[in-house]
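A closer look at the structure
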Amino acid sequence: MTSNRPDGATPSAEPGTTYAVEAIDVFKTYHTDNVEVHALRGVSLAVPRGDMVAIMGPSGCGKTTLLNCLSGLDDVTDGLVRVGGVDIAELSDNEKSDYRARAMGFVFQFYNLLPVLSSVENVELPLLVSGTKSSEARKRALEALDLVHLRDWAKHKPAQLSGGQRQRVTIARALVNNPAIVWGDEPTGDLDTQNASEIMQLITDLNRKHRQTFVIVTHAPEIAALCHRIVHMKDGQIVREEVPAGAARAGAPA
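Numbers given for residues are sequential positions, taken from 1 along each chain in its written order. Under the rules for a predicted model, residues below a pLDDT of 70 receive no local features and side-chain atom pairs below 80 are neither given nor counted, while totals for whole chains, interfaces and linings still include all residues. Values reported for side chains reflect all heavy atoms of the structure, with hydrogen atoms and water molecules removed beforehand.

Numbered from the N terminus, helices here are DSSP runs of H or I no shorter than four residues, and strands are runs of E no shorter than two. Check the secondary structure of the protein and you find seven helices and eleven strands. Here's how the labels work: a residue is buried when its accessible area is under 20% of the maximum for its type, exposed when over 50%, partly exposed in between, all with a 1.4 Å probe on protein chains only. Split into buried and exposed, the 254 residues of the protein put 49% on the buried side. Within the protein, contacts between residues separated by at least 24 positions form 71% of all contacts whose residues are at least 6 apart in sequence. Here the open area of atoms and residues is found with the Shrake-Rupley method and a 1.4 Å probe, where only the protein chains shown may cover a residue. Counting every atom, the protein has about 12,300 Å² of accessible surface; 49% of that belongs to carbon and sulfur. The contact definition used throughout considers only heavy atoms, calling two residues in contact when any of these lie within 4.5 Å.

All right, on to helix α4 (residues 134–147) then. Along an α-helix, residues three or four positions apart point the same way, because every turn accommodates 3.6 residues. For a helix, the expected span equals 1.5 Å multiplied by the number of residues minus one. End to end, α4 covers 20 Å across 14 residues, agreeing with the expected 20 Å (1.5 Å per residue, within 8%). Those residues of α4 lying buried are Ala 137, Ala 141, Leu 142, Ala 144 and Leu 145. The buried residues of α4 all sit within an arc of 160 degrees when viewed along its axis, so they share a single face. In this structure, the buried side of α4 is in contact with α3 (119–129) and α5 (163–175). The arc in question is traced by the directions running from the helix axis to the C-beta atoms.

Below, the discussion takes up unusual backbone geometry. Look at Glu 186: it is not a glycine, yet its phi comes out positive at around 50 degrees. Positionally, Glu 186 belongs in the loop between β8 (181–185) and α6 (193–210). Residue classification places Glu 186 among the buried positions, given a relative accessible area of 13%. Even without a glycine there, the phi angle at Asp 235 is positive, about 55 degrees. If you trace the backbone, Asp 235 turns up in the loop between β10 (229–234) and β11 (237–242).

Glancing now at the packing of α3 against α5. Running from amino to carboxyl end, α3 crosses α5 at an angle of 30 degrees, the nearest separation of the two axes being 8 Å. Here α3 is positioned roughly parallel relative to α5, judged by the angle of their axes. The handedness of the crossing between α3 and α5 is right-handed. Along its contact with α3, which presents Ser 119, Asn 122, Val 123 and Pro 126, the element α5 presents Val 169, Ala 172 and Arg 173. Axes here mean lines fitted to C-alpha atoms, for a helix over just the part in contact, with angles spanning 0 to 180 degrees between N-to-C directions. Here the word oblique covers every angle except those under 35 degrees (roughly parallel), over 145 (roughly antiparallel) and from 65 to 115 (roughly perpendicular). Left-handed describes a crossing whose near helix is turned anticlockwise from the far helix by less than a right angle; the clockwise case is right-handed.

Our next topic: the packing of aromatic side chains. The relation between two aromatic rings is expressed through the spacing of the ring centres and the mutual angle of the planes. Within 6.5 Å between ring centres, the rings of Phe, Tyr and Trp (the latter by its six-membered ring) count as paired, and their orientation is classed by plane angle as stacked under 30 degrees, edge-to-face over 60, tilted in between. Counted by the stated rule, this structure contains one aromatic pair. On the basis of an interplanar angle of 10 degrees and a centroid distance of 5.9 Å, the ring pair of Phe 106 and Phe 108 is categorised as stacked. Given a relative accessible area of 16%, Phe 106 falls into the buried group.

Further remarks concern the nonpolar core. One finds Val 123, Leu 145, Val 148, Ile 171, Ile 203 and Phe 214 to be the most contacted residues of the largest nonpolar core, which totals 39 residues. Listed by contribution, the elements that provide at least two residues to this core are β4 (52–56), α3, α4, α5, α6, β9 (214–217) and α7 (221–224). Element by element, the count of residues in this core is highest for α6, at six residues. Not counting residues within four places of it along the chain, the set of residues in contact with Val 123 comprises Ala 141, Ala 144, Leu 145, Val 169, Ala 172, Arg 173 and Val 176. We define the nonpolar core as a collection of buried residues of types Ala, Val, Leu, Ile, Met, Phe, Trp, Tyr and Cys that are connected through side-chain atoms lying within 4.5 Å of one another. One finds Ala 23, Val 53, Cys 61 and Ala 103 within the second-largest nonpolar core, a separate group that totals 29 residues.

Moving on, we come to the confidence of the model for the protein. pLDDT measures the predictor's confidence residue by residue and takes values from 0 up to 100. Confidence in the prediction of the protein, expressed as mean pLDDT, is 87, and 90% of residues score 70 or more. Of the regions scoring below 50 in pLDDT, residues 1–13 engages in 31 contacts with residues more than four places distant in sequence or in other chains.

The term salt bridge refers to a pairing of a side-chain nitrogen on Lys or Arg with a carboxyl oxygen on Asp or Glu at a separation within 4 Å. The full count for this structure, using the stated rule, is ten salt bridges. Across the pair Arg 151 and Asp 146 runs a salt bridge whose closest N-O atoms are separated by 2.8 Å. What makes Arg 151 partly exposed here is its relative accessible area of 39%.

Here a strand pair is declared whenever DSSP counts at least two bridges between the two strands. Read across the sheet, four strands follow the order β3-β2-β5-β6 without closing on themselves; strand pairing throughout is antiparallel. Looking at the sheet topology across the chains shown, the edges are occupied by β3 (35–48) and β6 (86–87). Bridge count between strand β2 (residues 19–32) and β3: eleven bridges; the pairing is antiparallel. If you follow Ala 23 over to β3, its bridge partner there is Leu 45. Of the strands in this sheet, β2, β3 and β5 (78–83) touch helix α1 (residues 63–71), which is tilted by about 65 degrees from β3.

Here it is, written out as structure tokens:
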């Protein structure tokens, strides 16, 4: 099922829907010397809790800029962004950082693991930074490694892990705070076909079994097809949305 959205508007949802993230008429303009770059032009998007949404489009269309603005990593020029009901623009820089640590998880293409730390130490790091007691942080980090089937690799450092295993550690770190939403920027882009398939199977399982919300930027149609909804972007706008055949919401029968 395909919906053309030339105005970037969001299709209406069922009454009473709870959103993990909402963006309303978002603009982002960069100023470089005497040049204005309109990276986002009136983007509106709503992601219900428990959904898995893919964002696709050609390079330079605004996919990563949108992810950065939705997550508060970058400020919007105009418009409204709410994550878990919180207006990101109303937060100070320190409050944004704290809110991201508590309510969001991030999975990037190149892992961003600290090479001197073990798997469990990398996973527990966000908890320790946010003030969680070390014993509680270790317990929750091991539980997160259980979710990604890496408990037996808890003491291994990144150099001792395969690419797929390193990305599993990254996912565990993203999940350790029980976030409202996990952002993925090309999470399988540095993996071979088999490892990419295994990582996406893990992500879809986490979504289905634990109702974890994911928003994933990807160039790969086969990755996007595993999501509940595909948002297509061009020139800083959402140009159409589609629901892949066979897409099932979290909690629905497999």
